[in-house]
Amino acid sequence: MEYKHAKHSLLDDQINGLIEAGYYPNRSELMMDALRYLFSKRQDLRLASAIELYQEGKVTLSRATEMAGMISEEFKDVLVEKGLKIRVESLSDEEFNEGLKLIKNIREKK
């Protein structure tokens, strides 16, 4: 138990050292950089995170696909393999009407 505490203390010291040396303005920025690096090296973690956020409804299918670094069909296949449901996303009336207006404007300009 003492060993784990010593490791944690060393990690805290290293984090504080980087901040004090001016590499990062604060702990939050250092953690964000560390996570960006971690996700750049570990595709499995990017995928797990994307799936979880998608299942919680926090991101759309297209955003989750992008986060996972995959194309849409690959991501859908992973969801199916894991027995997860693919939600059909529909536009709100407002979004639909905005899209319709945009299409009409494009057609009128031709």
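This text gives an overview of the structure that appears in the document. (Residues numbered from 1 in each chain as written. Predicted model: local features only at pLDDT ≥ 70, side-chain atom pairs only at ≥ 80, totals over all residues. Heavy atoms only, no water.)

## Description of the packing of helix α3 (residues 43-55) against helix α5 (residues 72-81)
Each pair of packed helices can be summarised by the angle the axes make with each other and by the distance between the axes. Quick reminder of the rule: Axis lines are fitted through C-alpha atoms, for helices just across the contact stretch, and the angle between N-to-C directions can take any value from 0 to 180 degrees. Each helix is a run of DSSP H or I of at least 4 residues and each strand a run of E of at least 2, with the numbering of both proceeding from the N terminus. Roughly parallel means an angle under 35 degrees; roughly antiparallel means over 145; roughly perpendicular covers 65 to 115; every other angle is labelled oblique. The criterion used for residue contact is that any of the two residues' heavy atoms lie within 4.5 Å. Polar here means any residue other than Ala, Val, Leu, Ile, Met, Phe, Trp, Tyr, Cys and Pro, which are nonpolar, and Asp, Glu, Lys and Arg, which are charged; Gly is therefore polar.
Look at α3 against α5: their axes get within 12 Å of each other, and the N-to-C directions meet at 75°. As judged from the angle between their axes, α3 and α5 are roughly perpendicular. Only Phe75, Val78 and Leu79 of α5 make contact with α3, whose side of the interface consists of Leu47, Ala50, Ile51, Tyr54 and Gln55. Classifying every residue of the contact of α3 with α5 gives 7 nonpolar, 1 polar and no charged.

## A few points about a nonpolar patch on the surface
Under the convention used in this document: Residues form patches when they are more than 30% accessible in relative terms and have no salt bridge. Like charges link within 9 Å. Nonpolar side chains (Val, Leu, Ile, Met, Phe, Trp, Tyr) link within 5 Å. All accessibility values rest on the Shrake-Rupley procedure with a 1.4 Å probe; residue burial counts only the protein chains present in the view. Here, a salt bridge means any side-chain nitrogen of Lys or Arg that lies within 4 Å of a carboxyl oxygen of Asp or Glu.
Together, Leu35, Leu38 and Phe39 give the surface a local cluster of nonpolar side chains, amounting to about 220 Å² of exposed area. Looking at where Leu35 falls in the secondary structure, it is placed in helix α2 (residues 27-41).

## What about the nonpolar core?
Here is the rule: What we call a nonpolar core is a set of buried Ala, Val, Leu, Ile, Met, Phe, Trp, Tyr and Cys residues that are connected through their side-chain atoms within 4.5 Å. Three exposure classes are used, based on accessible area relative to the maximum for each residue type with a 1.4 Å probe and protein chains only: buried under 20%, partly exposed in between, and exposed over 50%.
Listed in full, the 12 residues of the largest apolar core are Leu47, Ala50, Ile51, Tyr54, Val59, Leu61, Ala64, Ala68, Met70, Phe75, Val78 and Leu79. Looking at this core, the elements with two or more residues in it are α3, α4 (61-68) and α5. It is α3 that contributes the most residues to this core, 4 residues altogether.

## Observations regarding the side chain of Thr65
So the rule is basically this: N or O atoms within 3.5 Å of each other form a polar contact, as long as, within protein, one can give a hydrogen and the other can take it, and as long as residues adjacent in sequence are counted only when both atoms are side-chain atoms.
Structurally, Thr65 can be placed in helix α4. With a relative accessible area of 6%, Thr65 lands in the buried category. Among the polar contacts listed, one links the side chain of Thr65 to the backbone oxygen of Leu61, at a separation of 2.8 Å.

## Describing the pattern of salt bridges
The final tally for this structure, using the stated rule, is 6 salt bridges. The salt bridge partner of Glu56 is Lys58, with a shortest N-O separation of 3.1 Å. Judged by relative accessible area, Lys58 falls into the exposed class, the value being 60%.

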